[in-house]
Amino acid sequence: MSDAREEFLAGERPEDVALFLADSFVEDDRLERFGDRVDGGYLLVVDGERGRNAFQAATGVGAMEFAGAAMGLEGIVDGDLTGGTCPNELEGGDHEVQFVFAFAEEQNEEVGGIYAEGDVIHAYAQCRCGTAYSDRWTVVDE
């Protein structure tokens, strides 16, 4: 795992965003210049503005628009951001994460809830079946 990815998942890069693009969604070897080749695709950790622009270029959807739509349905996004469990898997069909958009939010005791417990990773995924869903978790210090 790259240093940038480890730092992001540890909540140490709140100004950056992470993007996972599955091989089944996008085929572009140029992505290796910008991120890590991972099982099933590419994972990029880049500054927020560049990341939102890259997300829109790759998916055709604005990053915050997508996040807003995905917030309406909770699912499971893998902790390494390269996969997940679609909430509609029980209905049958083809379920595989096509892309993930994620950002970290620093601990905020005033907000309460999980935000008081530590930094929070917000992750939004698009499944091959067309379902967009979200997940979030508190970063665990090791």
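Up top is the structure.
Throughout this description, residue numbers start from 1 for each chain and increase along the sequence as written. Under the rules for a predicted model, residues below a pLDDT of 70 receive no local features and side-chain atom pairs below 80 are neither given nor counted, while totals for whole chains, interfaces and linings still include all residues. Hydrogens and water are ignored here; the side-chain numbers use all heavy atoms of the structure.

Novice: How would you explain the pattern of salt bridges if you had to name every residue and give the values?
Specialist: Here a salt bridge means any side-chain nitrogen of Lys or Arg lying within 4 Å of a carboxyl oxygen belonging to Asp or Glu. Under the defined criterion, the tally for this structure stands at 7 salt bridges. One salt bridge connects Arg5 with Asp80, and the closest N-O pair in it is separated by 3.9 Å. Taken as a pair, Arg5 in helix 1 (residues 3–9) and Asp80 in the loop between strand 4 (76–77) and strand 5 (84–85) lie far apart in primary sequence, 75 residues in all. Assessed through its relative accessible area of 8%, Arg5 is described here as buried. In this structure, Glu96 engages Arg128 in a salt bridge whose closest nitrogen and oxygen atoms are separated by 3.1 Å. Here Glu96, found in the loop between strand 5 and strand 6 (97–105), pairs with Arg128, found in the loop between strand 7 (120–127) and strand 8 (132–138); they are 32 residues apart in sequence, far enough to count as distant. For every residue, the accessible area obtained with a 1.4 Å probe (protein chains only) is divided by the maximum for its type, and the residue is called buried under 20%, exposed over 50%, and partly exposed between those limits. Taking the relative accessible area as the measure of exposure, Glu96 reaches 32% and is therefore partly exposed. Put simply, Glu7, Arg13 and Asp16 are held in one network by salt bridges that share partners. Helix numbers and strand numbers start at the N terminus; a helix is a DSSP run of H or I with at least 4 residues, a strand a run of E with at least 2.

Novice: Describe the side chain of Thr59, naming the residues involved and giving the relevant values.
Specialist: By secondary structure assignment, the location of Thr59 is in helix 2 (residues 48–59). For Thr59, a relative accessible area of 17% corresponds to the buried category. Here a polar contact is taken to be a pair of N or O atoms separated by no more than 3.5 Å, where protein atoms must pair a possible hydrogen donor with a possible acceptor and residues adjacent in sequence count only if both atoms sit in side chains. There is a polar contact of 2.8 Å between the side chain of Thr59 and the backbone oxygen of Phe55. We call two residues contacting when some pair of their heavy atoms lies within 4.5 Å. Every residue in contact with Thr59, bar those within four places of it in the chain, is listed here: Phe25 and Phe99.

Novice: Account for the sheet that holds strand 2 (residues 36–38), naming residues and giving values.
Specialist: If DSSP finds at least two bridges between two strands, the strands pair. Taking strand neighbours across the sheet as the criterion, the 6 strands line up as 2-3-1-6-7-8 in an open arrangement whose pairing is antiparallel. Among the strands making up the open sheet, the edge pair consists of strand 2 and strand 8. Across the sheet, the axes of successive neighbouring strands diverge by a mean angle of 20°, strand direction being ignored. Both strand 1 (residues 16–22) and strand 3 (residues 41–47) contribute to a ladder of 7 bridges, which runs antiparallel. Bridge assignment links Leu21 to a residue of strand 3, and that residue is Tyr42. Sheet strands touched by helix 3 (residues 63–70): strand 6, strand 7 and strand 8. Its angle to strand 7, the strand with the most contacts, is close to 90°. A fitted line through C-alpha atoms represents every axis, and for helices the fit uses only the stretch in contact; the resulting angles, taken between N-to-C directions, go from 0 to 180 degrees.

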